[in-house]
Amino acid sequence: MSSIKQFQVTFDCAEPERVARFWCEVLGYVAPPPPKGFATWDEYDDSRAPEDRGSWFACSDPSGVGPRLYFQRVPEGKAAKNRLHLDVRVGTGLVGEERLAVLEAECTRLLALGAVRVQLLYDGHDSCIVMQDVEGNEFCID
């Protein structure tokens, strides 16, 4: 039996392109080129049926290492805490005040992109900051 090595992370959301572009900025991901025959994503979107316009967007790690992220429009809004979330690893290997300073700097950068700070978890040694993306999906900076 072979093991699966590739996967994508799918987000249900109201505004797929907006959320995707937020995560591109957070992770250094890129949007793929528009489909063949279209100069821009807007041109592609305009060619679709009105009810399908803006229904999905995707982005990927330009190095090809990280998973593809796929964002799909769903009719219902977010109603509860995520059962799964992303941890943005910026403080790996750091501890104490040094780790906290790196996390706080990244938090400041993400706030400018539209993220919301929820809670700092810090025990004097280890730390993480719980945040929300532009549609309220929880994630952690750790």
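Since we're looking at a predicted model, the values are computed, not measured.

Q: Before we go on, may I ask you to explain the overall build of the protein chain in this structure?
A: Scanning the protein chain from N- to C-terminus turns up 3 helices and 7 strands. The order of α-helices and β-strands along the protein chain, N terminus first, is β-α-α-β-β-β-α-β-β-β. Counting the 142 residues in the protein chain, one finds 34% classified as buried. In the protein chain, of all internal contacts separated by at least 6 residues, the share reaching a separation of at least 24 is 57%. Carbon and sulfur atoms form 54% of the exposed surface of the protein chain, whose accessible area is close to 8,800 Å². Each charge class in the protein chain was averaged separately, 15 positive and 23 negative side chains, and the resulting centres sit 4 Å apart.

Q: Quick question: what am I supposed to make of helix α1 (residues 16-27) here?
A: Spacing of three or four residues puts side chains on the same side of an α-helix, whose turn is 3.6 residues. The terminal C-alpha atoms of α1, which comprises 12 residues, lie 16 Å apart, in line with the 16 Å expected from a rise of 1.5 Å per residue. Packed against the buried residues of α1 are β1 (8-13), β2 (56-59), β3 (68-73), β4 (86-88), α3 (96-112) and β7 (138-141).

Q: When you look at the environment of Arg 18 in this model, what are you seeing that I'm missing?
A: With respect to the element layout, Arg 18 can be found in helix α1. For Arg 18, a relative accessible area of 41% puts it in the partly exposed group. The residues contacting Arg 18, other than those within four sequence positions of it, are Val 134 and Glu 135. Within the local environment of Arg 18, its side chain forms a polar contact with the backbone oxygen of Val 134, the two atoms lying 3.4 Å apart.

Q: Just checking my understanding: could you explain the sheet that holds strand β5 (residues 116-122) for this structure?
A: Hydrogen bonds between backbone atoms are what pair the strands of a sheet, whose relative direction is either parallel or antiparallel. With respect to topology, 4 strands assemble into an open sheet ordered β4-β7-β6-β5, the strand pairing being mixed. Edge positions in the sheet fall to β4 and β5, since each has one partner strand and no second. When the angles between neighbouring strand axes are averaged without regard to direction, this sheet yields 25 degrees. Two strands pair when backbone bridges link them, and β4 and β7 are joined in this way by 3 bridges, in the parallel orientation. What sits directly across from Val 88, in β7, is Ile 141. Packing against the sheet, α3 makes contact with β5, β6 (127-132) and β7, and its axis sits at approximately 15 degrees to β6.

Q: What am I meant to see in the state of the cysteines here?
A: Taken as a whole and assessed by the stated rule, the structure comprises 0 disulfides. A disulfide-free cysteine, Cys 59 has its sulfur positioned 3.7 Å from the sulfur of Cys 24, the nearest such atom. Unpaired in terms of disulfides, Cys 107 finds its nearest cysteine sulfur in Cys 128, a separation of 11 Å.

Q: Mind showing me how you'd approach α3 here?
A: With 17 residues, α3 ought to run about 24 Å at 1.5 Å a step, and its terminal C-alpha atoms sit 25 Å apart, in line with that. Contacts from the buried residues of α3 go to α1, β5, β6 and β7. Just downstream of α3, Gly 114 is the residue with a positive phi angle, here 110 degrees.

The rules behind these values
Residues numbered from 1 in each chain as written. Predicted model: local features only at pLDDT ≥ 70, side-chain atom pairs only at ≥ 80, totals over all residues. Heavy atoms only, no water. Helix = DSSP H or I, 4+ residues; strand = E, 2+ residues; numbered from the N terminus. Buried < 20%, exposed > 50% of the residue type's maximum accessible area, 1.4 Å probe, protein only. Contact = heavy atoms within 4.5 Å. Areas by Shrake-Rupley, 256 points an atom, 1.4 Å probe, with all protein chains shown as cover. Lys, Arg positive; Asp, Glu negative; His and termini not counted. Charge placed at Lys NZ, Arg CZ, Asp CG, Glu CD. Expected span 1.5 Å × (residues − 1). Polar contact = N/O pair within 3.5 Å; in protein donor to acceptor, adjacent residues only side chain to side chain. Pairing = 2+ DSSP bridges. Axes fitted to C-alpha atoms, helices over the stretch in contact; angles between N-to-C directions. Disulfide = S-S within 2.5 Å.

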